[in-house]
Amino acid sequence: MTIALRYAVRSDIGLTRANNQDSAYAGPHLMVVADGMGGHAGGDIASSVAIAHLAPLDEEALTSDQGPRALEAAVEAAHEELLERVEEDPELAGLGTTITTLLRAGDRLILGHIGDSRAYLMRKDRFEQVTTDHTFVQYLVDAGKLDPDQAERHPQRSLLLRVLGDVELSGGLDISVRKAEPGDRWLLCSDGLSGVVSAATLRRTLAEEPDPDRCADQLIELALRGGGPDNVTCVVADVVDIDNLPADEVPPTAAQVVGAAAIDRHRPTRGGGGAAAKAASLAPAQPADHDEPELADSRRRRPVGRRLIWAAIILAVLALAAGGVYWAYAWSQDQYYVGQSDGQIVIYRGIPQEVFGFALSQEVERFEGYDFETDLSEAERQMVEESALSKDTQEQAAQWVHDAVARTRANRAPLGDRLPGAPTASPSTPAASPRAPTASPSSPAAAATSPQPAAGLNNQSSPDPGGSGPSTHPPQES
């Protein structure tokens, strides 16, 4: 059996935007969707740079062992170039892009993901989203603070926690390896599609239209009918066994590039050729950075009242955004979690994140008599290290520490000490140790922030591409 991909890629500027900041690529071995952000110029530059560094992977015959490292190296190179561009041109500060990519290596597909662009897989009758959005709202869902229905309507649903751009890449790229099976259909898309078209409609369209080209066209049209508030980009890719294909169904071999990375990116269409295009022609597009000279002239011709209306709208949007950020920070400071610092067990107030270099947590209690490595079981240490064990109150966190240490010490005691009638350590009495620990509030000078992951890309090669926890990246709007 010889595996190949039959694919189609589409991108549309949408009905309200003046330029396309999305970029996408599709070739025999590589599929990529990148959704740029950070201003009109910065967004299209960021997504184009990502495509430029990933595209050469389409020409390499990689094994499933080589693929993740090659993908990681290409994204790291794109990150370095974005940092250099911002250093050369400070006006580009804040640029960034999402990346969702599939790299074929033999009969395996390496899935890479950062941001809120998505990958969906339809296998027989099963349809699932196989990436996890790196957004603040998704973090709240994972923490049990929101349910998925609330997340769909949340005003901060586009606030990104991880993105490729001029920020530290400590969160890195989620990478997983999956077996490619004939009959699989993959959809990669920007949030201009997934944020407008429901999962049920996506599934129905992918199931009913067998041709990737027509299917991609239908998906774009659905997003435009839904209002097209953003650039919309998608890749539809079918896994086929070319040994059993008719001669007239040979998969394509030519690469396809669309959006900002395409040569004609400065001549985008608005809404295609259907009814959506007619609707788009009735509404003025949002001006792009390279249109500013023309925009300045037209603004001088506008009535003063219209300028005041737009100013009021802008101020209202900024006020809503500021309120959302304040709400998010206030919520974070009402959380507590158990961590470790310098080999000791510590309770932190906040969440283990940073925004613009400002830590969202601070140490509030340190258990100087408890040793993280020896006084907690392996399972409990793993819970602390991998999930930053969270509690609603400081008292609940402290009680968990005392109980966990008591259990561990009791289990280490000689068997005779644990026979009926022998004294045992009570979970509620941590003073069972000869050296009773004391927990003291930390002074501001000595407070330690939560341990943060080291900068650099993660190399996650698990078969499950489930998203990791929120990173230390500053929030970005996609």
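These figures come from a predicted structure and were not determined experimentally.

### A closer look at the overall build of the protein
Here is step 1: Of regular secondary structure, the protein possesses 12 helices and 20 strands.
Here is step 2: Within the protein, counting contacts between residues at least 6 apart in sequence, those at least 24 apart form 73% of the total.
Here is step 3: For the protein, the accessible area works out to roughly 22,900 Å², and carbon and sulfur atoms hold 53% of it.

### Points about helix H2 (residues 66-88)
Here is step 1: With 23 residues, H2 extends 33 Å between its outermost C-alpha atoms, agreeing within 8% with the 33 Å of an ideal straight helix rising 1.5 Å per residue.
Here is step 2: Among the residues of H2, those classed as buried are Gly67, Pro68, Ala70, Leu71, Glu72, Ala74, Val75, Ala78, His79, Leu82 and Val86.

### Comments concerning the pattern of salt bridges
Here is step 1: Inspection of every chain in the model, using the stated rule, returns 18 salt bridges.
Here is step 2: Linking Asp238 and Arg185 is a salt bridge whose minimum nitrogen-to-oxygen distance equals 2.6 Å. You can see Asp238 sitting in strand E13 (residues 232-241) and its partner Arg185 sitting in strand E12 (residues 185-189), a full 53 residues away along the chain.
Here is step 3: Of the residues examined, Asp238 reaches a relative accessible area of 7% and is grouped as buried.
Here is step 4: A salt bridge links Glu209 to Arg214, with the nearest nitrogen and oxygen atoms 3.2 Å apart.
Here is step 5: For Arg214, a relative accessible area of 47% puts it in the partly exposed group.
Here is step 6: Ionic contacts of the salt-bridge type, sharing partners, join the residues Arg10, Asp213 and Asp217 into one network.

### Describing the packing of helix H6 (residues 199-208) against helix H7 (residues 212-225)
Here is step 1: The contact between H6 and H7 brings their axes to 9 Å, and the two run at 155°. For the element pair H6 / H7, the angle class is roughly antiparallel. In the crossing of H6 with H7, the sense of the turn from one axis to the other is right-handed. Of the residues in H7, those in contact with Thr201, Leu202, Thr205 and Leu206 of H6 are Cys215, Gln218, Leu219 and Leu222.

### Looking at the confidence of the model for the protein
Here is step 1: Confidence in the prediction of the protein, expressed as mean pLDDT, is 76, and 67% of residues score 70 or more.
Here is step 2: Taken together, the stretch residues 264-307 has pLDDT below 50 and engages in 50 contacts with residues farther than four places along the chain or on a different chain.
Here is step 3: Counted against residues more than four places away or in other chains, residues 418-474, with its pLDDT under 50, gives 129 contacts.

### Side note on the nonpolar core
Here is step 1: In terms of nonpolar packing, the biggest core is built from 29 residues, with Val32, Leu54, Leu57, Ile99 and Leu164 touching the most fellow members.
Here is step 2: Among the elements that line this core, the one with the most residues is H2, at seven residues.
Here is step 3: Core analysis: the second largest hydrophobic core is formed by 21 residues, Tyr7, Ala26, Trp186 and Val258 among them.

### Notes on the state of the cysteines
Here is step 1: A full pass over the atoms with the stated rule returns zero disulfides.
Here is step 2: Counting only cysteine sulfurs, Cys234 is the nearest neighbor of Cys215, a cysteine outside any disulfide, at a range of 7.6 Å.
Here is step 3: Given the relative accessible area of 0%, Cys215 is considered buried.

### So, the side chain of Asp174
Here is step 1: When you line up the elements, Asp174 lands in strand E11 (residues 174-179).
Here is step 2: Accessibility expressed as a relative area gives 3% for Asp174, which makes it buried.

### Focus on the packing of aromatic side chains
Here is step 1: Per the stated rule, a full pass over the model turns up four aromatic pairs.
Here is step 2: Taking 5.2 Å as the distance between ring centres and 20° as the angle between the ring planes, the aromatic pair formed by Tyr337 and Tyr348 counts as stacked. Here Tyr337 is found in strand E15 (residues 336-341), whereas its partner Tyr348 is found in strand E16 (residues 344-355), with 11 residues between them in sequence.
Here is step 3: Classification of Tyr337 as buried rests on a relative accessible area of 3%.

### Section: the pairing of strand E5 (residues 99-105)
Here is step 1: Of all seven residues that make up E5, seven are buried, and the element is covered over most of its length.
Here is step 2: Sheet topology places strand E3 (residues 30-37) next to E5; four bridges connect them, and they run antiparallel. When the bridges of E5 are listed, Val33 appears paired with Thr100.
Here is step 3: Where E5 folds back on strand E6 (residues 108-114), the antiparallel hairpin that results is connected by two residues, among which Gly106 adopts a positive phi of roughly 65°.

### Quick notes on a negative patch on the surface
Here is step 1: Residues Glu80, Glu84, Glu87, Glu88, Asp89 and Glu91 make up a contiguous surface patch of negative charge.
Here is step 2: Here Glu87 shows up in helix H2.

### Considerations on unusual backbone geometry
Here is step 1: Even without being a glycine, Lys124 presents a positive backbone phi close to 55°.
Here is step 2: Residue classification places Lys124 among the exposed residues on the basis of a relative accessible area of 75%.

### Quick notes on the environment of Val346
Here is step 1: Relative to the helices and strands, Val346 resides in strand E16.
Here is step 2: Here Val346 falls in the buried class, since its relative accessible area comes to 0%.
Here is step 3: In this structure, the C-alpha to C-alpha distance between Val346 and Phe372, residues 26 residues apart in sequence, is 9.2 Å.
Here is step 4: The residues touching Val346, leaving out its near neighbours within four places in the chain, are Tyr337, Val338, Gly339, Gln340, Ser341, Glu363, Glu365 and Arg366.

About the thresholds
- Within every chain, residues take consecutive numbers counted from 1 along the sequence as written.
- Since the coordinates come from a predicted model, pLDDT governs what is reported: local features require at least 70, and pairs of side-chain atoms require 80 or more to be given and counted, while whole-chain, interface and lining totals use all residues.
- As a rule here, side-chain values cover all heavy atoms of the structure and leave hydrogens and water aside.
- Helical segments are the DSSP runs of H or I of at least four residues, strand segments are the runs of E of at least two, and each set is numbered from the N terminus.
- Any two residues having at least one pair of non-hydrogen atoms within 4.5 Å are treated as being in contact.
- A 1.4 Å probe and the Shrake-Rupley method give the accessible areas. Residues count as covered only by the protein chains that appear here.
- To estimate how far a helix should extend, the number of its residues minus one is multiplied by 1.5 Å.
- Each residue's exposure class comes from its accessible area (1.4 Å probe, protein chains only) as a fraction of the maximum for that residue type: buried when under 20%, exposed when over 50%, partly exposed otherwise.
- Definition used for salt bridges: Asp or Glu carboxyl oxygen within 4 Å of a side-chain nitrogen of Lys or Arg.
- To get an axis, fit a line to the C-alpha atoms, keeping to the stretch in contact for a helix; angles then go from 0 to 180 degrees between the N-to-C directions.
- The scheme is simple: roughly parallel for angles under 35 degrees, roughly antiparallel for over 145, roughly perpendicular for 65 to 115, oblique for anything else.
- Take the far helix as your reference; a near helix turned counterclockwise from it by less than a right angle gives a left-handed crossing, and one turned clockwise gives a right-handed crossing.
- pLDDT measures how confident the predictor is about each residue, on a scale from 0 to 100.
- For this analysis, a nonpolar core means a set of buried residues of the types Ala, Val, Leu, Ile, Met, Phe, Trp, Tyr and Cys, connected via side-chain atoms within 4.5 Å.
- We call a pair of cysteine sulfur atoms a disulfide when they lie within 2.5 Å.
- Stacked, tilted and edge-to-face pairs are distinguished by plane angle, under 30 degrees for stacked and over 60 for edge-to-face with tilted covering the rest, among Phe, Tyr and Trp rings (Trp via its six-membered ring) whose centres lie within 6.5 Å.
- Each pair of strands is called paired provided DSSP finds at least two bridges between the two strands.
- Patches here: salt-bridge-free residues with over 30% relative accessible area, like charges joined within 9 Å, nonpolar side chains (Val, Leu, Ile, Met, Phe, Trp, Tyr) joined within 5 Å.
- All tallies of charge rest on Lys and Arg as positive and Asp and Glu as negative; His and the ends of each chain are not included.
- By convention, charge coordinates are those of NZ in Lys, CZ in Arg, CG in Asp, or CD in Glu.

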